[in-house]
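Now for the letters of each chain:
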Amino acid sequence: MRAGTADLLDLGAGVGTAGLVALALERAQRAVLVERHAETLALARENVVANGFAERAEVLALDILAPGSVRNAAGLGANHFETVIANPPFFEAGQGTRAPEASRADARHMAQDGLEAWVRCAAGCAAGGGEVIIVYPAQGLTSLLAALTPRFGAIALLPISPRAGQPATRILVRGTKGSRAPLTLLAGRALHGESGRGFAPEFDAIFRGEAALDW
């Protein structure tokens, strides 16, 4: 995420972790968190207040897949945000096993062509020249790039693997709205060391909320 971002949008924010960490590390001045499930939404609002960000963060009850007119009526501005972050559900229709709890199931599964709708929403909310950052399973990269490339350029890909030398399981993708700059494939990074369950120092600091991932 660009340092000094004025307005950040977190799509599918869950309990608000990513957006609130960005505020805590001063990577963003203000944040809008979008979540559709009532219980998760309530936790996000509690977290905003508990962490002292009531003046800098807003939580919207909204389905990302709703029509643009509905999103606008809910207060989600178009062509506004300098940075949009998103962690879309990673199973499309017919894939994986659905969790029994509705909020967890929807966090993992989406309807056919749902990824295209997520990217379209991110593009509509991002300002001209703004960036979108998406984390997604590595095996879904083809579908993600197909949705991103008509709308974003200067795309950078950061593969994340469990350990050095292993295939990537997640990928971070960043793009700039309206740019025509070419794609960049960055060197991958490993979550863990050679052995054990502990995280590599870089990621341990990130997960503790003490550092940001610069890439």
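Right, let's walk through the structure included here.

Before going further, it helps to spend a moment on the overall build of the protein. Across its full length, the protein holds seven helices and nine strands. A burial count over the protein gives 46% of its 215 residues as buried. The long-range share in the protein, meaning contacts at least 24 apart out of those at least 6 apart in sequence, stands at 65%. Split by element, the accessible area of the protein, about 10800 Å² in all, is 53% carbon and sulfur.

Phi is positive for N79, which is not a glycine, with a value near 50°. On the secondary structure map, N79 appears in the loop between α3 (68–73) and β4 (81–86). When its relative accessible area of 52% is taken as the criterion, N79 is described as exposed. Its identity as a non-glycine residue notwithstanding, A154 has a phi of 50°, on the positive side.

Among the seven residues of strand β1 (residues 5–11), seven are classified as buried, and the element is accordingly described as predominantly covered. Bridging between β1 and strand β2 (residues 28–35) involves six bridges; their strand directions are parallel. If you follow D7 over to β2, its bridge partner there is R30. The parallel pair β1 and β2 is bridged by helix α1 (residues 17–24), and the resulting crossover is right-handed. Two strands pair when backbone bridges link them, and β1 and β4 are joined in this way by four bridges, in the parallel orientation. Residue pairing in the sheet places L8 in a bridge with T83 of β4.

A complete count under the given rule lists two aromatic pairs for this structure. Three or more aromatic residues link up through ring pairs in this structure, and these residues are F199, F203 and F207. Across from the ring centre of W215, 4.1 Å away, lies the NZ or CZ of R174, which sits over that ring.

One finds L9, L11, V34, L76 and L148 to be the most contacted residues of the largest nonpolar core, which totals 32 residues. Contributions of two or more residues to this core are made by β1, β2, β4, α5 (114–125), β5 (126–137), α6 (141–148), β6 (152–161) and β7 (170–177). Ranked by the residues each element gives to this core, the list is headed by α5, at seven residues. L11 has contacts with V34, I64, V84, I85, A86, N87, W118, C121 and A122, leaving out every residue within four places of it along the chain. With 25 residues, the next largest nonpolar core counts V59, I85, I133 and L158 among its residues.

Secondary-structure assignment places H192 in the loop between β9 (189–190) and α7 (201–207). There is a polar contact of 3.3 Å between the side chain of H192 and the backbone oxygen of R197. Within the local environment of H192, its side chain forms a polar contact with the backbone oxygen of G198, the two atoms lying 3.0 Å apart. What H192 contacts, discounting residues up to four positions off in sequence, is P162, R163, R197, G198, F199 and A200.

What counts, and where the lines are drawn
Residues numbered from 1 in each chain as written. Predicted model: local features only at pLDDT ≥ 70, side-chain atom pairs only at ≥ 80, totals over all residues. Heavy atoms only, no water. Helix = DSSP H or I, 4+ residues; strand = E, 2+ residues; numbered from the N terminus. Buried < 20%, exposed > 50% of the residue type's maximum accessible area, 1.4 Å probe, protein only. Contact = heavy atoms within 4.5 Å. Areas by Shrake-Rupley, 256 points an atom, 1.4 Å probe, with all protein chains shown as cover. Pairing = 2+ DSSP bridges. Right-handed = clockwise from strand over helix to strand, strands pointing away. Phe/Tyr/Trp six-rings, centres within 6.5 Å; stacked < 30°, edge-to-face > 60°. Lys NZ or Arg CZ within 6 Å of the ring centre and 35° of its normal. Core = buried A, V, L, I, M, F, W, Y, C linked by side-chain atoms within 4.5 Å. Polar contact = N/O pair within 3.5 Å; in protein donor to acceptor, adjacent residues only side chain to side chain.

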